[in-house]
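Residue-level structural notes
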Amino acid sequence: MTDDEPTQPPGLTSGPGWRARLLPDLGVLVMFSALATAFLRGAWVDPSARFAGLGDPPLFIWYLRWVPHALAHGQNPWFTDHMNYPAGFNVMWNTAMPLAGVVLAPITAVFGPIVSYNVLVTAGYALSAFAAYIAVRRFVDHRAAAVLAGLVYGFSPYMVLQSYSHAHLIVAFVPPLLLVVLHELLVEQRWALWKTGAALGLLVTAQFLLAEEMLLAEALVAGLTSVGLVVLYRGRVRAKAAYALKALAVGGVIAGVLCAWPLVAQFRGPQHLGPGAIQPEDTFVSDLAGFVVPTFQQWISPSSAAHIYRRFTPTTIGVEWNAYVGLPLLVLAGAMAVVWRRRPIVVVSALSALGIAVLSLGPYLHVAGHDYLAVKLPWRLVREVPLATHMLPGRLILYAWVFLALLIGLFVDAVLARRGRRLVAGLAVTAVVLLPLIPLAPPYTPSPVPSFFTAGGGVHRLPPGSVAVVAPWSTGDVTDDAPMIWQAAADMRFKMPSGYSIRPDRVDNRPAFGPVPTILGRALGQLKGGETIGTDEPTLDAMRAEIRGWKTRAVIVGPIANESRVVDYLTLLLGRRPERTGGVWVWWLSAD
């Protein structure tokens with residue numbers, strides 16, 4: 001289908017020289033890894049007591065410990081009651097990243113889950129950039145063009161903003177590699193059929209075990225791109241169909257077998273979710289102005305831009321303002337689509353990126369924070385597809401970056417083939433396109449773990465698997481999720497009735513966030529917030545009944561706002577003063 005593309009892609013050819021080509025590729029991977037480490041240097045100054053980003057990382061840190069812990073102890077990795085005890089929650093409906101938990105298990109075991117998380121985010125940048133480099137290398141002659149494309153994808157505005165809180169969305173090496181496999185599946189068809197099918201099945205499985213939301217999005221994007229190919233080259237469909245369908249069948253069987261157990265656990269296992277979207281509709285979407293208005297995370301972002309991007313939806317979650325592409329790149333992509341309209345790879349890439357951008361706008365139009373509900377958009381059709389309600393349209397922009405990076409790679413490849421003034425002019429255009437994309441380094445969050453929860457700490461007085469009430473009471477608020485990290489640091493020594501997760505509501509099984517509401521949990525949250533709460537005996541007795549019902553073996557207060565008030569209240573509740581040990585306050589309770 002692509003007569004003008006090289007029949008022997010420079011980066012993926014076979015033959016006697018493949019070992020010589022492997023060394024430069026490994027050098028590129030090392031370079032991307034070094035850049036990612038330098039980019040996250042704030043966390044790497046003290047990687048066991050700081051984590052990259054802010055907000056949700058405690059959740060991922062927890063899962064990096066939970067998955068290997070469950071497998072090592074013969075427990076079901078897809079369900080746990082170590083948080084939200086005793087009800088527990090279905091791990092598969094949460095962003096558990098089980099594949100990452102298994103791969104990073106040795107690092108977690110030796111250095112702890114915070115270091116493991118920093119490795120995960122760093123590897124997310126590096127591997128995503130490297131995968132894009134590999135994909136683009138398939139279509140270009142100059143390695144430098146593929147390297148630049150890898151940098152554009154791996155350090156794109158989407159990647160940097162999502163790295164604040166959503167590690168599962170930035171370990172994004174699968175999309176570019178899927179592009180390679182789909183190009184082979186639908187266009188080149190040079191690999192043995194079983195190899196193409198196996199590569200597809202393994203990539204699908206890897207994505208399923210890293211981020212299911214991304215797998216749904218990839219199915220949508222692959223379908224969109226495939227339809228585009230069929231429409232553009234319908235005369236060649238019959239010749240390509242047999243190979244493609246057979247390879248798809250092989251991939252489907254492999255993915256089906258490997259994903260069967262967690263899929264059954266997700267939809268039939270304990271605490272599976274009922275109907276309803278996890279996130280509200282028409283909130284996590286791209287704003288039309290967001291494509292050209294730089295956010296706070298860009299190196300070039302004038303103060304006037306803040307007056308616009310602060311109105312983007314969701315207004316309080318800046319990590320989702322990830323639509324920025326920049327006007328120069330939009331102009332370049334449009335110009336390439338017109339000037340190189342006879343190059344199939346350019347046309348398909350440009351149209352795919354455009355289609356993805358339109359879908360990312362959501363069901364209705366948003367412009368500079370203003371809603372235009374009368375302007376209905378194509379996402380309204382997509383959301384009718386089963387499970388599509390669990391996708392957030394604004395996050396589709398990642399896949400536009402796959403195609404935009406490819407377009408940049410093709411442009412730079414053509415520039416590097418020029419000489420003299422044309423070369424200088426091309427490099428100048430490249431600089432103008434890339435300059436607005438330079439990001440600022442994301443923040444880091446200090447997260448020291450009290451020695452009580454570390455090796456040799458007092459937590460080992462607790463029987464394995466016993467229950468502890470820990471304050472702050474973890475609910476998903478960024479100010480109270482430290483106990484999830486402490487529990488992970490303690491190698492899941494204890495269970496706790498608090499903790500952030502997505503679970504079924506007790507009334508109608510619809511998605512709900514955070515632990516099951518309790519009287520004690522509400523009181524601890526109010527005390528942390530400086531509120532005055534009642535000390536009447538009926539209320540205290542109700543809290544004591546909850547503690548007894550959980551068969552609690554310890555009540556622990558770690559570093560927390562209004563710590564003295566929390567300790568005084570629990571002293572009244574439990575009838576005695578706590579022990580101060582390892583940086584926490586502890587009331588040891590009997591098993592009765």
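Everything below is about the structure shown above.
Read on for an overview of the structure. Since this is a predicted model, take the numbers as computed values, not measurements.

**Comments concerning the overall build of the protein chain**
Looking only at helices and strands, the protein chain has 23 helices and 13 strands in total. For the protein chain, whose C-alpha radius of gyration is 26 Å, the value lies close to the compact-globule estimate of 25 Å for 592 residues. Based on the C-alpha atoms only, the size of the protein chain along its principal axes is roughly 80 × 55 × 50 Å. Taken over 592 residues, the protein chain has a buried fraction of 55%. Here the analysis covers contacts within the protein chain between residues at least 6 apart in sequence; of these, 76% occur between residues at least 24 apart. Counting only carbon and sulfur atoms, one obtains 65% of the accessible surface of the protein chain, whose full area is about 24,400 Å².

**A closer look at helix α7 (residues 143-154)**
Across its 12 residues, α7 extends 16 Å between first and last C-alpha, which sits within 8% of the 16 Å expected from 1.5 Å per residue. All of the buried residues in α7 are Ala145, Ala146, Val147, Ala149, Gly150, Val152, Tyr153 and Gly154.

**Brief notes about the sheet that holds strand β12 (residues 579-581)**
Pairing in this open sheet of five strands is mixed, and the strands run β8-β7-β11-β13-β12 from one edge to the other. The sheet terminates laterally at β8 (494-495) and β12, the two strands that pair on one side only.

**Description of the side chain of Thr108**
Turning to its location among the elements, Thr108 is positioned in helix α5 (residues 105-111). At 2.8 Å, the side chain of Thr108 and the side chain of Ser116 are in polar contact.

**Topic: the nonpolar core**
Grouped burial of nonpolar side chains is what soluble globular proteins tend to show. Grouped together as the largest cluster of nonpolar side chains are 99 residues, with contacts concentrated most on Tyr117, Leu120, Tyr125, Leu329 and Trp401. Element by element, the count of residues in this core is highest for helix α18 (residues 397-416), at 16 residues. Contact partners of Tyr125, with chain neighbours within four places excluded, come to Ala36, Phe39, Leu40, Gly154, Phe155, Met159, Val160, Ser163, Ile170 and Pro442. Among the nonpolar cores identified, the runner-up in size contains 29 residues, and Trp62, Phe452, Leu462 and Ala490 belong to it.

**Observations regarding the pairing of strand β11 (residues 552-557)**
Among the six residues of β11, five are classified as buried, and the element is accordingly described as predominantly covered. One ladder, built from four bridges, connects β11 with strand β13 (residues 584-588); its direction is antiparallel. Counted as the bridge partner of Val557 is Trp585 from β13.

Thresholds applied
Residues numbered from 1 in each chain as written. Predicted model: local features only at pLDDT ≥ 70, side-chain atom pairs only at ≥ 80, totals over all residues. Heavy atoms only, no water. Helix = DSSP H or I, 4+ residues; strand = E, 2+ residues; numbered from the N terminus. Rg over C-alpha atoms; globule rule 2.2 N^0.38 Å. Buried < 20%, exposed > 50% of the residue type's maximum accessible area, 1.4 Å probe, protein only. Contact = heavy atoms within 4.5 Å. Areas by Shrake-Rupley, 256 points an atom, 1.4 Å probe, with all protein chains shown as cover. Expected span 1.5 Å × (residues − 1). Pairing = 2+ DSSP bridges. Polar contact = N/O pair within 3.5 Å; in protein donor to acceptor, adjacent residues only side chain to side chain. Core = buried A, V, L, I, M, F, W, Y, C linked by side-chain atoms within 4.5 Å.

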